Amino acid sequence: EPTKAWSGRFSEPVSDLVKRYTASVFFDQRMWRQDIQGSLAHAAMLAKQGIIAQADLDAIRTGMAQITQEIEAGRFDWNLDDEDVHLNIEKRLTALVGDAGKRLHTGRSRNDQVATDIRLWLRDAIDTIIGLIRDFQRALLDLAEHHAATPLPGFTHLQVAQPVTFGHHLMAYFEMLRRDAERFADCRKRTNRLPLGSAALAGTTFPIDRAFVAAELGFDEVCQNSLDAVSDRDFAIEFCAASSLLMTHLSRLSEELILWMSPRVGFIDLADRFCTGSSIMPQKKNPDVPELVRGKTGRVNGSLIALLTLMKGQPLAYNKDNQEDKEPLFDTADTVIDTLRIYADMMGSTTAADGTKVFNVRVKAEAMKSALRQGYATATDLADWLVKRGLPFRDAHEAVARAVRLAEQKGCDVSDLTLDELKSFSPLVDESVFAVLTVEGSLSSRNHVGGTAPEQVRAAIARARAGLAG
Ligand code: ARG
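None of these values were measured; they are calculated from a predicted model. (Residues numbered from 1 in each chain as written. Predicted model: local features only at pLDDT ≥ 70, side-chain atom pairs only at ≥ 80, totals over all residues.)

Turning next to the domain arrangement of the protein. Looking at the assigned domains, one finds that the protein contains domain 1 (14-106), domain 2 (111-357) and domain 3 (365-454). Inter-centroid distance (C-alpha atoms) of domain 1 to domain 2 is 31 Å. Taken together, the 18 residues of domain 1 in the interface contact 20 residues of domain 2. The element contributing the most residues to the side of domain 1 that touches domain 2 is helix H3 (residues 32-48), with nine residues. (Domains from an automatic or database assignment. Contact = placed C-beta atoms within 7 Å. Helix = DSSP H or I, 4+ residues; strand = E, 2+ residues; numbered from the N terminus.)

Topologically, Asp-338 is positioned in helix H13 (residues 326-346). Overall, Asp-338 belongs to the partly exposed group, with 14 C-beta atoms counted inside 10 Å. (Buried ≥ 20, exposed ≤ 12 C-beta atoms within 10 Å, placed from the backbone.)

So, about the UniProt feature "domain: Argininosuccinate lyase C-terminal" (unreviewed entry) in the protein. When the UniProt feature table is mapped to this numbering, "domain: Argininosuccinate lyase C-terminal" (unreviewed entry) covers residues 376-443. For the annotated span residues 376-443, helix accounts for 62% and strand for 0% of the residues, and the straight-line distance between the end C-alpha atoms is 14 Å. (UniProt positions renumbered as here; feature names shortened; annotations may be inferred.)

Around the ligand, the neighbouring residues are Ser-24, Asp-28, Asp-84, Arg-110, Asn-111, Val-114, Lys-320, Asn-322 and Gln-323. Counting residues per element, the shell around the ligand draws most heavily on helix H7 (residues 110-146), at three residues. When the residues that make up the shell around the ligand are grouped by side-chain class, the tally is one nonpolar, four polar and four charged. Each of domain 1 (14-106) and domain 2 (111-357) accounts for three or more of the residues forming the shell around the ligand. (Near = placed C-beta within 6 Å. Nonpolar A, V, L, I, M, F, W, Y, C, P; charged D, E, K, R; others polar.)

What follows concerns the UniProt feature "domain: Fumarate lyase N-terminal" (unreviewed entry) in the protein. UniProt records the feature "domain: Fumarate lyase N-terminal" (unreviewed entry) for residues 8-302 in the present numbering. Helix and strand shares over residues 8-302 are 63% and 7% respectively, and the end C-alpha atoms of the span are 40 Å apart.

Laid out in structure tokens, this is it:
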């Protein structure tokens, strides 16, 4: 029976079940790089402060270099008996370099060590995610630019409301993603603070230099209270909250792609490689990727609730409950990273032999347009037109509603009514009214920042491109 790092106080070993139940090494080993990085910074500080000898630091560096090689090569013997990533690495270090390895943990606890590892790990994950959001945004911009003037029914209550352009619609998601990236960047600020030096909970009796360790590890500042530093995981919760919002946005987009791809709507088609077939129904082409994104949003929301619940009953300072923070956190980062990658690809394009862009989202512009015609989408434009000729808006609303009813009876669009028919609803009507009843007229007249006029959509895309570059 190998001895545990803490077994000196105990009269009997833990049972196999307890060992397995309390161990985290099979999921926290993915923080091995951060663990070594943190240990090297801590050791360098100990040597600089004269707490360990330079020879000890040299030995620790040599040992950690070998351990790095072993792990990278898949030769490292991860052992359940050594509980977690921290003790596994420390034990191997001591086997390699002897007493220097045993001195590494001076002035440190696994409590501040693990908090440091998670923050280092999450900082990298956040940077990856922000980069992937940008990639996806670039793909969206290309598609939006291509469709800056392509008319699409805008919906409220899933009923045709007013014409918008497909580019304008996509740019709504661009804006959501912009805020998502801001949230991750903000969360990074609070993640990037150093817990090391807090030791178990109260600090340490050794003359440590926390600012040095922070600088070595690229932290912006040190955590100001040792009890708080070892125990709170609010930065991880914030990360999961930002992830939940991001996934919520992607889930809404997924829902739209699924709806648009339904043959009953038929606004788009997705490239085959993002869809799957049915084992029984030969005709099927199912939008599995967006469906899974919608489904995985539930999983990410679940992790957020798991972490909030994990934290809410914990007295200060560290409790073993916190070991349960890792799986939801890792799973959330993995899910978000994979989802962003696949989305950037799915909404992206390939370049054909003749140099033209072929988008993976194939837009069926005719279907979008005919849905607009069936939905009286320019009724508001007609009402606005009457208001501009002096009719109070409520009266204009009433007149147009009656015109829509007539069109409905006749089974045509308002723009198909005759001049005389339109005049019967208001004497203000003349020939020039037909210009505002067209989809193009409706679109181009909403010409202000935030409006759907193609000119404005192009301006929004240009601003967005500049923002991404800057
Ligand atoms: N594996 C532990 C965790 O993930 C490391 C800290 C353990 N500290 C302790 N005193 N048991 O939180």
